[in-house]
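One letter stands for each residue in the lines below.
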Amino acid sequence: SCLRRRTIDNKTNSFLSKAARSMSNIGIPVKLLYEAESMKVTVEMKNGETYRGLLLSAEDTMNMTLSDVIRTARNGQVSKLPSVYLRGGGVRFIALPDVLRNAPVFKKVANLKRKMEEDNKSGPRKKK
């Protein structure tokens with residue numbers, strides 16, 4: 001029983017560490033998409049359709065679930081849908097709320113940029 005529990009714990013820890021690694025490896029656009037969860041977004045697909053609704057969930061692949069959706073077809077026909085799952089590979093762009101301009105992701109990027117500029121101003125580093 002103890003050995004079995006340890007094996008399950010090791011599998012769980014392995015899964016969690018992989019999840020943590022993938023979170024650190026995702027880019028800023030995906031992190032920003034996660035910040036937009038529970039907000040209204042507009043998504044234009046590569047096929048020309050647009051979807052506007054409440055972003056319920058997003059994935060690293062930019063797959064997302066929207067609720068209370070208004071879909072506009074390429075021909076302009078508008079329809080209401082209770083929920084929609086959109087495949088990230090088909091997304092052309094996503095219009096996010098202006099509130100996200102103050103998202104923590106941008107502050108981290110600004111700090112990294114400032115740090116890199118300071119390092120560049122101080123000149124090349126000498127090898128020891």
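These lines cover the structure that appears in this document, whether it is placed above or below.

### Looking at the pattern of salt bridges
Move 1: Applying the stated rule across the entire model yields three salt bridges.
Move 2: Close ionic contact of R92 with E44 constitutes a salt bridge, the shortest N to O distance being 2.9 Å. Taken together, the positions of R92 in strand β5 (residues 91–95) and E44 in strand β1 (residues 40–45) put the pair 48 residues apart, joining distant regions of the chain.
Move 3: Given a relative accessible area of 48%, R92 falls into the partly exposed group.
Move 4: Between R71 and E49 there is a salt bridge whose closest N-O contact spans 2.6 Å.

### Some points on unusual backbone geometry
Move 1: In this structure, S38 is a non-glycine residue whose phi angle is positive, near 75°.
Move 2: Mapped onto the fold, S38 is located in the loop between α2 (28–35) and β1.
Move 3: Its relative accessible area of 59% is what places S38 among the exposed residues.
Move 4: At M62, a position not held by glycine, the phi torsion is positive, near 70°.
Move 5: Looking at where M62 falls in the secondary structure, it is placed in the loop between β2 (50–58) and β3 (64–72).

### Topic: the nonpolar core
Move 1: Core analysis: the largest hydrophobic core is formed by 18 residues, its most contacted members being V43, M64, L66 and L86.
Move 2: Breaking this core down by element, the ones donating at least two residues are α2, β1, β2, β3, β4 (78–86) and β5.
Move 3: Those residues within four positions of V43 in sequence are excluded, and the remaining contacts are E49, T50, Y51, M64, L66, L86, V91, F93 and I94.

### A short note on the side chain of N63
Move 1: Note that N63 resides in the loop between β2 and β3.
Move 2: A distance of 3.1 Å separates a polar atom in the side chain of N63 from a polar atom in the side chain of T61.
Move 3: Engagement of the side chain of N63 in a polar contact is seen with the side chain of Y85, the distance being 3.2 Å.
Move 4: Once you skip the residues sitting within four places of it in the chain, N63 turns out to touch S57, A58, Y85, L86, R87 and G88.

Calculation rules
- Residues numbered from 1 in each chain as written.
- Predicted model: local features only at pLDDT ≥ 70, side-chain atom pairs only at ≥ 80, totals over all residues.
- Heavy atoms only, no water.
- Salt bridge = Lys/Arg side-chain N within 4 Å of Asp/Glu carboxyl O.
- Helix = DSSP H or I, 4+ residues; strand = E, 2+ residues; numbered from the N terminus.
- Buried < 20%, exposed > 50% of the residue type's maximum accessible area, 1.4 Å probe, protein only.
- Core = buried A, V, L, I, M, F, W, Y, C linked by side-chain atoms within 4.5 Å.
- Contact = heavy atoms within 4.5 Å.
- Polar contact = N/O pair within 3.5 Å; in protein donor to acceptor, adjacent residues only side chain to side chain.

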